[in-house]
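Listed below, chain by chain, are the residues.
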Amino acid sequence: MARDKIKVLIVDDHPVFREGLRQCLEARKELRVVAAVGSGGEMWQAIDAHGPPHIALMDVEMPGESGIELTKALHERYPDTRVLMLTAFSDAERIVAALKAGAVGYLLKNVSPDEIRSTVERAAGGEALLSGEIAGRVLREFERERQEVRYREQLADLTPREEEILKLLATGESNREIGKRLFISEQTVKNHVASIFRKLRVNDRTKAALLAVKLGFGDSRAPRPKLSAGAMTPAWRAALRAAVIALGAAVTLQSLLEIDPANWRIYVVFFLLSSALFPPAVEVLPRLALAIPEMATTIGFLYIGGAPIIGLRIFAPALTRAVRAILPARWKEQVPQLRAEALVARRELLAEGLAPGSRLHAGTVAEYATFALGLGARWWIVSALVGPHVPVTNAGAIALAELGGYVCWGALSILPIYPNRTLLPLKAAGGLRAAFWDIFLIVVLALTPFVFLISYGFWAHGLAGAAAWSLSALGLHFMLRQLNERRLRVEEQNQRLEALNRELEHRERLSAIGKMSSVVSHQILQQLGVIGIYADLIRNADEGTEPKAVLAQARENAAAIEGALRDVNRVLTDLLVFSRDLRLNSYEHPLGRVIEECVDDCRAEAAERRVVLRAQCPETINVVFDKLKVKQALVNIIRNALEASPPAGEVVVRAAERDDGVEIAVSDQGPGVPAANREDVFAPFFTTKEHGTGLGLAIARAFVEAHGGRVWVSDGPHGSGATFVVRLPRALQTAAARPQGGVPTSGVVERSA
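What comes next is a walk through the structure. Remember, it's a predicted structure, so these values are computed and weren't measured experimentally.

## A few points about the nonpolar core
Within the largest apolar cluster, 44 residues are counted, with the highest numbers of intra-cluster contacts made by Ile292, Ile299, Phe301, Tyr303, Ile304, Val443 and Leu447. Those elements that place two or more of their residues in this core are helix 12 (264–277), helix 13 (292–305), helix 14 (308–312), helix 18 (362–386), helix 19 (395–413), helix 20 (432–461) and helix 21 (463–539). In contact with Ile292, other than residues within four places in its own chain, are Ile442, Leu447, Leu476 and Leu480. Membership of the second largest hydrophobic core comes to 41 residues, among which are Leu591, Ala633, Val651 and Phe703.

The following block contains the structure:
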């Protein structure tokens, strides 16, 4: 083999690059190019005619079978033939696929001609060749695959509950927040987190969260909006809070002064009921928990026992704390209402203050004061209406008192003086009205009937009846809790769907950027390869050749370089046009004249391809559009038709009026567009041509749709070829179209696509 020339077969569908590469290789005496072909079919014909080559230089993407498929077939049929991939594609997936198919090396077209010749000789000598850059990408791809397999194996060991907790860990939530979202105790969350650490082989939350992101968990829910208290300064907020607390304290003190020893039975029953019903609460709004049974009991007994009920309510949390302190730990965990997290969720006077190591929060006192003021408003109204009589016998007075109490609570609840800043922040999200409506449905329409039932129970059956109806309010609590849990699940599912939609949009954008980068880099690398090869031919011209022949060859090589530069310019121009916004500068134009200009712009290309190009359009059609954009769209479609047409073929551009506008049809005699691809051909970066950017038809569709029109492709007029149809309205019939200052009505308009 050392004495014989190395037989090389070039397989590349770029004719200019192929010819330049042939001349470049044949400049080395040790190399002989047996054939330079542009497809798989031509490759097999060349092998049948010349025998299997020593080296096959193979492009990756070609019409018909890809270079990777041809490499696999060639390796299976002729294992002694060594295949070198020579392409502009540099992504790791193609590199790995080519090596798995049997390629012994992978070169990019932007390498120097000397490196190509050297690589061919070394491959013929039995070496497997990868440049440093390509080798690094291959190793990184293999390592990525191994890591992904290892991560997936670790993920498979997690239970569904652990996966759920891992997703929440990735969002930065604490164990307490996770337990609240999943309705489990904090200790249970800790146990699951420890199991996750062990299975994923990590030792802290940060590493687990990073691994969760690598596994594709991301943020499975939309973050809760940060609450702000509006524009009120801290000083004013403190002053307002102090005023509310002072009024609430006055009402409470006055109520305690009105205690009547004769009603001690009422006070004792209320105290026991209030203490028992204190812990159960339902989160009716984000960060707003209401104890519906305890509220119904307090308001109902207000109409039974009078104003002292307002002051006595303050001691219910204290009794609950005392019971929790006495009971053994195992008993407390068995009673959900006595668990620590259940009491923490209720920010109440004394409930917080009596907690070990806790400090009473001024906002908590303000919450109690607000509740006391609402009760005081009720008692003042009902006392004014019934006088010395028992309120439970006057349903009308109770109804008016309830209305006054709810108005008082509603007005105070929007103030930014509470620990959770209850309702005012919802205004920023447009949710204040919805919040009031939700509270109206839950509190007014669900709680108020129990207030009347407790009052009726006392009137009909005494304290036993009132106590029975107070306890029956637990049924409402459990029903609301179930509905709330379902609501939270639905909200979480919606948040996950929103997160998935955001992730999908993000991935689509990344995919579009990836396709754009791939197309642009491939086209530019392809042309750089052409420039490099022909520059090398000019630099290494044979000095012994006749000067005229050398000059003629140099001119041909220079023309090839100019053509490559034009292709680079076309790629960058297409990309620039595609990235522009779709502002329209529209006036009325004669359609026939615009089509003639488009045809004139494409005549040189039609002549070069030996394709007949003609137009048929009435001269009486006038349409309002942006001339530059419509011309760009039509030129792109005509050029696409010229590229698809065979020599001596014909491309015809026709225009006709329709009821809803005008229709322009561009027909060719090429192979046509398969039905499966008729929508894809308009997608950005979709192309079946080695040298296409996949942007021409995408730009055409974007410009046509910006005018309120549409474009599609169908079969040619005689069943062969393809016809691209553009339909435009006579005027921009869109709400987005509007006249600009100083321009006629049919002038400048804007439309977003």
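Having seen it, we continue.
## Regarding unusual backbone geometry
Positive phi values are uncommon outside glycine, yet Arg610 reaches one of about 60 degrees. Counting through the fold element by element, Arg610 comes out in the loop between helix 23 (591–608) and strand 11 (612–616). Relative accessible area serves as the criterion here: at 60%, Arg610 is assigned to the exposed category. Of note, the phi angle at Ala648 is positive, near 70 degrees, even though the residue is not glycine. Looking at the secondary structure, you find Ala648 in the loop between helix 24 (627–644) and strand 13 (650–658).

## Notes on the pattern of salt bridges
Tallied over the entire structure, the rule returns 26 salt bridges. For Glu162, the salt bridge identified is with Lys199, shortest N-O distance 3.0 Å. Of this pair, Glu162 sits in helix 7 (residues 160–170) while Lys199 is found in helix 9 (residues 186–200), placing the two residues 37 residues apart along the sequence. Between Glu402 and Arg378 there is a salt bridge, with its nearest N and O atoms 2.8 Å apart. Here Glu402 is found in helix 19, whereas its partner Arg378 is found in helix 18, with 24 residues between them in sequence. The class of Glu402 is buried, set by a relative accessible area of 2%. Taking relative accessible area as the criterion, Arg378 reaches 0% and is therefore assigned buried.

## Re the sheet that holds strand 6 (residues 129–130)
Consider a sheet: its strands pair through backbone hydrogen bonds, and that pairing is either parallel or antiparallel. The strand order across the open sheet built from six strands is 2-1-3-4-5-6, with neighbouring strands paired in parallel fashion. In this open sheet, the two edge strands, each paired with only one partner strand, are strand 2 (31–37) and strand 6. Here strand 5 (residues 105–108) pairs with strand 6 via two bridges, running parallel. When the bridges of strand 6 are listed, Tyr106 appears paired with Leu130. Of the strands in this sheet, strand 1 (6–11), strand 2, strand 3 (55–58) and strand 4 (82–87) touch helix 1 (residues 15–26), which is tilted by about 170 degrees from strand 2.

Quick notes on the rules
- Residues numbered from 1 in each chain as written.
- Predicted model: local features only at pLDDT ≥ 70, side-chain atom pairs only at ≥ 80, totals over all residues.
- Heavy atoms only, no water.
- Core = buried A, V, L, I, M, F, W, Y, C linked by side-chain atoms within 4.5 Å.
- Buried < 20%, exposed > 50% of the residue type's maximum accessible area, 1.4 Å probe, protein only.
- Helix = DSSP H or I, 4+ residues; strand = E, 2+ residues; numbered from the N terminus.
- Contact = heavy atoms within 4.5 Å.
- Salt bridge = Lys/Arg side-chain N within 4 Å of Asp/Glu carboxyl O.
- Pairing = 2+ DSSP bridges.
- Axes fitted to C-alpha atoms, helices over the stretch in contact; angles between N-to-C directions.

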